[in-house]
Amino acid sequence: MNRGNRVLLSCVYWAFVLYVFVPLILMVLVSFKDSKFIGFPIRSWTFEWYTGVFADAQVLSTFGYSVVIAVLSTAISVVVGTWIAVLLEGRRFWGRAVIFGLTVLPALVPGIISAIAFRIYARGLGIEPGMGAIVWAHAVHNVPFVVLVVMARLSTLPKSQIEAARDLGADPLIAFLRITLPYLVPAILGASIFCLLLSFDDFVRSFFLGGYEPTLPVLIFAKLRSGMSPEINAIATVALILTAVVGIWAERFTRRLKKETEG
Amino acid sequence: MSYDAASARNERAASTLRQADRTFWGRLVNWSPYRAFAGLVAASPRRQFLILALFPILWVLTQHLGPMIQMVGVSFTDAYPVAAGTEQHLTLDNYARFFGDSIFWMPFFRTLFFAATFTFCTLILTYPVAYYLARHVSRKNQMLMLLLLLIPFWVGEIVRTYAIMILLGNTGAVNLLLRSIGLIDRPIPFMYTSFSMGMGIVYLTALYMLLPLYSALEKLPKSYNEAAADLGAGAWTRFRRVTLPLTIEGISSGCTLVFLIATGFYATPVLLGGPSTTVFAETIAGFFHVAGDEWPTGAAFATIMFVSALIVTVVFQRLMSALRKGDVK
């Protein structure tokens, strides 16, 4: 491949990097603007919006509410997802393809349809809109991601380790708890962080299954509909920094863990 | 790792194992309820499998399939939730309503058209990026440069939609830039059009296209291109006859994913679109804002949308795999 092409392609890459970062950077910049009026240019700067946000009881409680929902739904997804992955990986049985198809179904259903289906189902089961309904919907929606990540890791587990444990007298459950599960830890941690972020960022399911108390994305949405303000930028910036930091940390952490268990 | 270090590590592992046996695991194995349970499980491989399989099967049937089935079921009824003292009847009216009024089917076709267009835009935008990463970057930098692109995608849908609003607004960065270099006198109204909506959706879905493309391109051996070059193929011919056909699988799965996601967006069209760009998600949502008897219609519309999206993706995938087979021949 010639040089010119290569330079051109690298320009395309960096242009794409700009494209994905610039809108977010601009949003962060506006959160420091000393005026109620959203837009550019920014002539004077302030921290006022942040102090306002951290003093706002509604924003803080919404934030806590979102975190609790994310943690609870992730706990459910991880247990269920790991269980399904252990069943599906490396086993051949009648109906396996059907179960696999059903397992990934929630990840493929377009957002609005999934939200509507969950809402109708929750109503049928008598679950009132609110925290329980959101936790349940997020948990079901995130299971496929756990299954895929855990299955990928499980497929690299040397079969001989399990056999050795069984030869030494471990029953299947002990072999699972002491060999398979520790080996899966990096995948499970990675999947957990991914689920936490998915749940924390989810709008459409939280919106249709929520009661009167909004989650953070629902709150931002509601505020946006009644008008833009740098206060929203400040809230969004806090959410952005938090998710990005958690994401980067998880990426590094799981990679290190994977290296350790393999090396 | 040196031999000494390895043996020291083994020693350490063995000693922790012995300790553990004396403590938690040893006690667990000798604990009588556990023994009873283990005896029950270990009785036969068949029983083991049943115990392992029962919960996942129940889960996917009731939690993954259940909501979809009930949604379809409700779409054929005249009332849901059923009010006390009234009866629920089976009906096709909800589907008839869709075809009866352009206010319903216009957003539907608009959604399919928009989703297809935006998917195509995403493909055109991300293919060169994936190509560059997979073919021209050293292995070590590949992960770093991919990670760089992943960071913004951890940020939620609403926050990123808002970022696009700030970028494209009348006093937004793009208008400011255009005005300061003298291209325009008054701001271009980007917002609340199909353009701003497209910008938002492409922005939100780019990664789901990039990753399948990247993994398809990364698997493609460089030697294929070299062989084609040795046979006298120019850069464009090599791309069109070798690279493109062999990455069709990645293109196909990326497009499917992005199309399905794009049809399901609700908040982004609400915030970035205008009255002339109402998508079907907004139409469906409208039936759920009011409590009561509009739900079956909403369920019917959601079913129409889901089935259509499935048909489009299946046809598309068939087409792509036919294309691939045709090229391999």
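Residue numbers run consecutively from 1 along every chain, following the written order of its sequence. All chains are assigned letters beginning at A, and all ligands numbers beginning at 1, according to the order in which they are written. Thresholds applied to this predicted model are a pLDDT of at least 70 for local features of residues and 80 or more for the giving and counting of side-chain atom pairs; totals over whole chains, interfaces and linings are not thresholded and use all residues.

Turning our attention to the overall build of chain A. Within chain A, the secondary structure is distributed over 11 helices and 0 strands. From first element to last, N terminus to C terminus, chain A shows the α and β order α-α-α-α-α-α-α-α-α-α-α. The burial criterion counts other C-beta atoms lying within 10 Å of a residue's C-beta, which is placed from the backbone; the residue is buried at 20 or more, exposed at 12 or fewer, and partly exposed between these limits. By residue count, 42% of the 263 residues in chain A fall in the buried class. By the criterion used throughout, residues are in contact when their C-beta atoms, derived from the backbone, lie within 7 Å. Within chain A, contacts between residues at least 6 apart in sequence are counted, and of these 78% link residues at least 24 apart. The helix count covers DSSP runs of H or I at least four residues long, the strand count covers runs of E at least two residues long, and both are numbered beginning at the N terminus.

It is worth spelling out the overall build of chain B at this point. Broken down by element type, chain B carries 16 helices and 0 strands. With the principal axes as the frame, chain B shows a C-alpha extent of 80 × 75 × 50 Å. Within chain B, the fraction of its 329 residues that count as buried is 34%. Partitioning the contacts of chain B with sequence separation of at least 6, the portion at a separation of at least 24 is 69%.

All right, on to the UniProt feature "domain: ABC transmembrane type-1" (unreviewed entry) in chain A then. Residues given the UniProt feature "domain: ABC transmembrane type-1" (unreviewed entry) here are residues 63-250 of chain A. Across residues 63-250 of chain A one finds 82% helix and 0% strand; the C-alpha atoms that close the span lie 21 Å apart. UniProt positions are given in the numbering used here, feature names are shortened, and annotations may be inferred rather than shown by experiment.

Here we come to the UniProt feature "transmembrane region" (unreviewed entry) in chain A. All names here are of chain A. Sites flagged by UniProt as "transmembrane region" (unreviewed entry) map to residues 12-32, 63-86, 98-121, 133-154, 175-200 and 232-250. Taken end to end, residues 12-32 is 90% helix and 0% strand, and its first and last C-alpha atoms sit 31 Å apart. Counted over residues 98-121, helix gives 92% and strand 0%. Its end C-alpha atoms are 22 Å apart.

Residue-level contacts link 73 residues of chain B with 67 residues of chain A. With 17 residues, helix H4 (residues 45-75) of chain B is the largest single contributor of residues to the side of chain B that touches chain A. Three categories are distinguished: nonpolar for Ala, Val, Leu, Ile, Met, Phe, Trp, Tyr, Cys and Pro, charged for Asp, Glu, Lys and Arg, and polar for the others, with Gly belonging to the last. Residue classes in the side of chain B that touches chain A are distributed as 59 nonpolar, 13 polar and 1 charged.

Moving on: the UniProt feature "transmembrane region" (unreviewed entry) in chain B. Within this structure's numbering, the places UniProt gives as "transmembrane region" (unreviewed entry) are residues 49-66, 112-134, 146-168, 188-211, 246-267 and 298-316 of chain B. End-to-end, the C-alpha atoms of residues 112-134 of chain B are 31 Å apart, and along that stretch the chain is 100% helix and 0% strand.

What follows deals with the environment of Gln317(B). Residue and element names in this part refer to chain B. Of note, glutamine 317 is situated in helix H16 (residues 295-328). A tally of 15 C-beta atoms within 10 Å means that glutamine 317 is categorised as partly exposed. Distance from glutamine 317 to aspartate 185, taken between C-alpha atoms, is 47 Å for residues 132 residues apart in sequence. For glutamine 317, the contacting residues outside a window of four places in its chain are Ser252 and Thr256.

What follows is about the packing of helix H1 (residues 3-30) of chain A against helix H8 (residues 157-168) of chain B. Each packed pair of helices is defined by two parameters, the angle between the axes and the distance between the axes. H8(B) packs onto H1(A) with a crossing angle of 80° between their chain directions and a minimal axis gap of 8 Å. The angle between H1(A) and H8(B) places the two elements in the roughly perpendicular class. Residues Pro23(A), Leu24(A), Leu26(A), Met27(A) and Val30(A) of H1(A) form the contact with H8(B), whose participating residues are Tyr162(B), Ala163(B), Ile164(B), Ile166(B) and Leu167(B). In terms of residue class, the contact of H1(A) with H8(B) is built from 10 nonpolar, no polar and no charged. Lines fitted to the C-alpha atoms define the axes, with helices restricted to the stretch that makes contact. Angles between their N-to-C directions range from 0 to 180 degrees. Note on angle classes: values under 35 degrees are labelled roughly parallel, values over 145 roughly antiparallel, values of 65 to 115 roughly perpendicular, and the remainder oblique.

All right, on to the environment of Leu167(B) then. Along the chain, the position of Leu167(B) falls in helix H8. Measuring from C-alpha to C-alpha, the distance between Leu167(B) and Met191(B) comes to 9.5 Å, with 24 residues separating the pair along the chain. Residues in contact with Leu167(B), not counting those within four places in the same chain, are Pro23(A), Leu26(A), Gly172(B), Ala173(B) and Val174(B).

Moving on, we come to the nonpolar core. Joining buried Ala, Val, Leu, Ile, Met, Phe, Trp, Tyr and Cys residues through C-beta atoms within 7 Å gives a set, and that set is a nonpolar core. The biggest cluster of nonpolar side chains holds 146 residues, and the ones touching the most others in it are Ile116(A), Val150(A), Ile220(A), Tyr162(B) and Leu210(B). In terms of residue count, helix H10 (residues 194-219) of chain B provides more of this core than any other element does, 15 residues in total. Setting aside chain neighbours within four positions, we find Tyr162(B) in contact with Met27(A), Ile220(A), Leu224(A), Ile232(A) and Ala236(A).

Another aspect to go through is the confidence of the model for chain B. With 91% of its residues at a pLDDT of 70 or more, chain B shows a mean pLDDT of 86. Confidence, expressed as mean pLDDT per element, reaches its minimum in chain B at helix H1 (residues 3-22) of chain B with 64 and its maximum at helix H13 (residues 248-263) of chain B with 93. The quantity called pLDDT is the predictor's confidence in a given residue, expressed from 0 to 100.

Another point: the packing of helix H5 (residues 111-125) of chain A against helix H15 (residues 280-289) of chain B. Viewed as axis vectors pointing N to C, H5(A) and H15(B) meet at an angle of 15°, and their least axial separation amounts to 10 Å. Classified by the angle their axes make, H5(A) and H15(B) are roughly parallel. Our pair here, H5(A) against H15(B), has a crossing hand that is left-handed. Residues Ile112(A), Ile116(A) and Arg119(A) of H5(A) touch H15(B), and the partners they reach there are Ala281(B), Ile284(B), Ala285(B) and Phe288(B). Classifying every residue of the contact of H5(A) with H15(B) gives 6 nonpolar, no polar and 1 charged. Crossings are assigned a handedness: left-handed for a near helix turned anticlockwise from the far helix by less than a right angle, right-handed for a clockwise turn.

For Tyr192(B), which is not glycine, the phi dihedral falls at a positive 60°. Residue class for Tyr192(B) comes out partly exposed when judged on the 17 C-beta atoms lying within 10 Å of it.

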